[in-house]
Amino acid sequence: MSQNRTPEDGCREDVREDAQAGADAPGSEFGFATRSIHSGYDPSANHDSASAPIYPSVAYALRSAKHADALASGEVSGFSYSRVANPTVDALEQRIAQLEGGIGAVAVGSGMAAVSFALLCAAEGGGRIISPTDLYGASVDAMDSFFPQFGVHTDFVDDINDLAEVESKIGPDTRAIFAETVANPSTEITDLKPLADLAHRHGIALIVDNTVPTPYLLRPIEFGADIVVHSTTKGISGHGNALGGVIVDAGNFDWTNGRFPHLTRKELVISDERNGVWHSFAEAFGNAAFIRRIRTKYVRTFGAVLSPFNAYLQMVGLETLPQRVRQEVATAKLIAQHLRGVDHIVRVNYSGLDNDPQHELVAQYLPQGVGTVLSFEVEGDESHVNRIVDGVKLFSYVPNIGDSRSLIVNPARITHREVPERYRLAAGVNDNLLRLSIGLEDPADLIADLDQAIAGAY
């Protein structure tokens, strides 16, 4: 078994082989709904508890000096310190890895922690990222104004599906292309397969944020994505009660191709200095080098740890993911169709509509629907937007998506406030735009609520 030593108090990450802790749980041979409930968890290893228990313990007994040394050296697997690995969090990680089709996953404290760790780990040491501006506002802000402080820069493109534009940005320091599979809030779809092919021809990784569709509607690894991130706060949880994020590694990318020196450099944290045995992440973990570095260097060092309580709540949400998303997508499409005929609405953004220009991409990547998020632009000025958000009665004015409650927000002032104007406008996020996240209420009630609020605003 691969070594994975950490220097702190004998604490190390769980060095189990992938899915070892849940080896008796249903795997990829089962359907999605079955895996949403059972994957990654073995009741017989947890006193036959039907549900994954919450393990709040900070640390775990090392048993004996001999066992502790074997645990620290990677000769045996187990848990020692919850900042690095926790049994409840581990079950969630394995379940999501199964659902996305990856070789492993690391859960973190929020969706932005997942985005930040994935991009920084790819571009660590002065690399560059290529990205569209049509993203969640905090992601754009991080890449535009914050990551450069760490020597990581982003080359933005207007259209991630314009392969010529993307290829023109690829240089010797480019490490990854980043995009949202379904953009927030425009719902523009990324054409994954040709983008992945382009990235791989140049030896760079494709990293995608799959938060909006969730793995129920789209599994990007099947189309060539190398790393998938989620804000598990959103549709995966489905109830708006638990922050979290996750990074999933497809296990297909060659991190030894020369563009990622930090993954081929010898590191003490995974080596045995006393015996003169030295490893790089690529040597020690092969195709799992990236996800192992995320856990060992980023989570352990920066400490954006997912609480086991939140992991438990997210697993509860996962159990009903297919049923929830099916209903929410059906309602979102009804509402988008309705809004196209409502007075004072000048544009509806929902790529799931039958006559949308991206209809062929929907059929290819998202035949079960594009997700629960849509947006629309209204006539007038910002005062009309304010009257609508103040006038709704069922929609909650909340900066979140993927909740069982239907939500409304004005992105230019809230979720995309920190995005430079040139990027906001290029992504269609102007002061007259409203974003909806559709929940589980009766569609007729939601439509009536929007109708009365829009009519009242004018």
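Just above, that's the structure.
Not measured: the values here are computed from a predicted model. The numbering scheme is per chain: residues are counted from 1 as the chain's sequence reads. Only residues with pLDDT of at least 70 are given local features in this predicted model, and only at 80 or more are side-chain atom pairs given and counted; all residues enter the totals for whole chains, interfaces and linings. Here the side-chain values reflect all heavy atoms present in the structure, with hydrogen atoms and water set aside.

Undergrad: Is there a simple way to explain the overall build of the chain in this structure?
TA: Note on conventions: DSSP H or I runs of at least 4 residues are helices, E runs of at least 2 residues are strands, and numbering of each starts at the N terminus. For the chain, the helix and strand inventory stands at 16 helices and 14 strands. Counting only residues that meet the buried cut, the chain has 59% of its 458 residues in that class. By sequence separation, contacts in the chain at least 24 residues apart represent 72% of the contacts at least 6 residues apart. Surface accessibility in these figures is a Shrake-Rupley result with a 1.4 Å probe; residues are shielded only by whichever protein chains are displayed. Working note: accessible area of the chain is about 17,500 Å², and carbon and sulfur atoms make up 50% of it. The charged-residue count follows a simple rule in which Lys and Arg add positive charge and Asp and Glu add negative charge, with His and chain termini not counted at all. The location of each charge is read from NZ of Lys, CZ of Arg, CG of Asp or CD of Glu. A gap of 5 Å separates the mean positions of the 37 positive and 59 negative side-chain charges of the chain. The cut-offs for exposure are 20% and 50% of the maximum accessible area for each residue type, with area from a 1.4 Å probe on protein chains only; residues under the lower value are buried, those over the upper are exposed, and the others partly exposed. The criterion used for residue contact is that any of the two residues' heavy atoms lie within 4.5 Å.

Undergrad: Help me understand the pairing of strand 8 (residues 266–272) in this model?
TA: Consecutive residues of a regular strand have side chains that alternate between opposite faces of the sheet. Among the seven residues that make up strand 8, five are buried, leaving the element largely enclosed by the rest of the structure. Sheet analysis places strand 8 next to strand 9 (residues 277–280), joined by three bridges and oriented antiparallel. Note on strand 9: the bridge partner recorded for Glu267 is His279. Strand pairing is assigned whenever DSSP detects at least two bridges linking the two strands.

Undergrad: Would you explain helix 5 (residues 137–146) in this entry?
TA: Listing the buried residues of helix 5 in full gives Gly137, Ala138, Ser139, Val140, Ala142 and Met143. Lining the buried residues of helix 5 we find helix 4 (111–123), strand 2 (128–132), strand 3 (153–157), strand 4 (174–180) and helix 15 (421–426).

Undergrad: Quick question: what am I supposed to make of the nonpolar core here?
TA: Counting residues in hydrophobic clusters, the biggest one holds 81 residues, and the most contacted among them are Ile177, Leu339, Phe376 and Leu436. Here the element with the most residues in this core is helix 12 (residues 321–339); it accounts for seven residues. Filtering out sequence-adjacent residues up to four positions away, Phe376 remains in contact with Leu339, Ile345, Arg347, Val348, Asn432, Leu433, Leu434, Leu436 and Ile454. Membership of the second largest hydrophobic core comes to 45 residues, among which are Val106, Ala113, Phe260 and Ala288. Remark: nonpolar core denotes a set of buried residues (Ala, Val, Leu, Ile, Met, Phe, Trp, Tyr, Cys) joined through side-chain atoms within 4.5 Å.

Undergrad: In this structure, what is going on with the environment of His47? I would like to understand it.
TA: Structurally, His47 can be placed in the loop between helix 1 (32–38) and helix 2 (65–73). Assessed through its relative accessible area of 78%, His47 is described here as exposed. As a C-alpha pair, His47 and Ala122 span 75 residues in sequence and 39 Å in three-dimensional space.

Undergrad: Sorry, what's going on with the pattern of salt bridges here?
TA: Side chains bearing opposite charge may pair, as long as their charged atoms lie close to each other. Each salt bridge in this description consists of a side-chain nitrogen of Lys or Arg and a carboxyl oxygen of Asp or Glu lying within 4 Å of one another. Enumeration over the complete set of coordinates arrives at 13 salt bridges. For Asp197, the salt bridge goes to Lys193, with nearest N and O atoms at 3.0 Å. You can see Asp197 and its partner Lys193 sitting in helix 7 (residues 192–201), four residues apart, about one turn around the helix. Under the relative-accessibility criterion, Asp197 is labelled partly exposed at 31%. With relative accessibility at 39%, the residue Lys193 sits in the partly exposed group. The residue Glu283 makes a salt bridge to Lys266 at a minimum N-O spacing of 2.6 Å. In this pair, Glu283 is assigned in helix 9 (residues 281–285) and Lys266 in strand 8, connecting sequence segments 17 residues apart.

Undergrad: I keep staring at the sheet that holds strand 13 (residues 407–409) and nothing clicks. Help me out?
TA: Within a beta sheet, neighbouring strands are joined by backbone hydrogen bonds and run either parallel or antiparallel to one another. The strand order across the open sheet formed by five strands is 10-11-14-13-12, and the pairing between neighbours is mixed. Each edge of the open sheet is held by one strand with a lone partner, namely strand 10 (345–349) and strand 12 (396–397). Where strand 11 (residues 373–378) meets strand 14 (residues 433–437), five bridges bridge the pair, whose relative direction is antiparallel. Following the sheet pairing, Leu374 is matched in strand 14 by Leu436. Helix 12 contacts strand 10, strand 11 and strand 14 of the sheet and is inclined by roughly 15° relative to strand 11. The convention used is that axes are lines fitted to C-alpha atoms, helices contributing only their stretch in contact, and that angles between N-to-C directions extend from 0 to 180 degrees. Contacts between helix 14 (residues 382–391) and the sheet are confined to strand 11, strand 12, strand 13 and strand 14, with strand 14 contributing the most and set at about 25° to the helix.

Undergrad: Where do I start with the pairing of strand 3 in this structure?
TA: With four of five residues buried, strand 3 lies mostly within the body of the structure. Note: strand 2 against strand 3, five bridges, orientation parallel. Note on strand 3: the bridge partner recorded for Ser131 is Phe156. In terms of handedness, the path from strand 2 via helix 5 over to strand 3 forms a crossover that is right-handed. We call a crossover right-handed when, viewed with both strands directed away from the observer, the connection leading from the first strand over the helix to the second proceeds clockwise.

Undergrad: Quick question: what am I supposed to make of the packing of helix 14 against helix 16 (residues 443–457) here?
TA: Helix-helix packing: each pair is described by the crossing angle between the helix axes and the interaxial distance. Look at helix 14 against helix 16: their axes get within 8 Å of each other, and the N-to-C directions meet at 140°. Relative to helix 16, the element helix 14 is oriented oblique. Crossing geometry of helix 14 relative to helix 16 is assigned as right-handed. Of helix 16, the residues touching helix 14 (which contributes His384, Arg387, Ile388 and Gly391) are Gln452, Ala453, Ile454 and Ala457. By definition in this entry, angles of less than 35 degrees are roughly parallel, angles greater than 145 are roughly antiparallel, angles of 65 to 115 are roughly perpendicular, and the rest are oblique. Whether a crossing is left-handed or right-handed is set by the direction in which the near helix is turned from the far one by less than a right angle, anticlockwise for left-handed and clockwise for right-handed.

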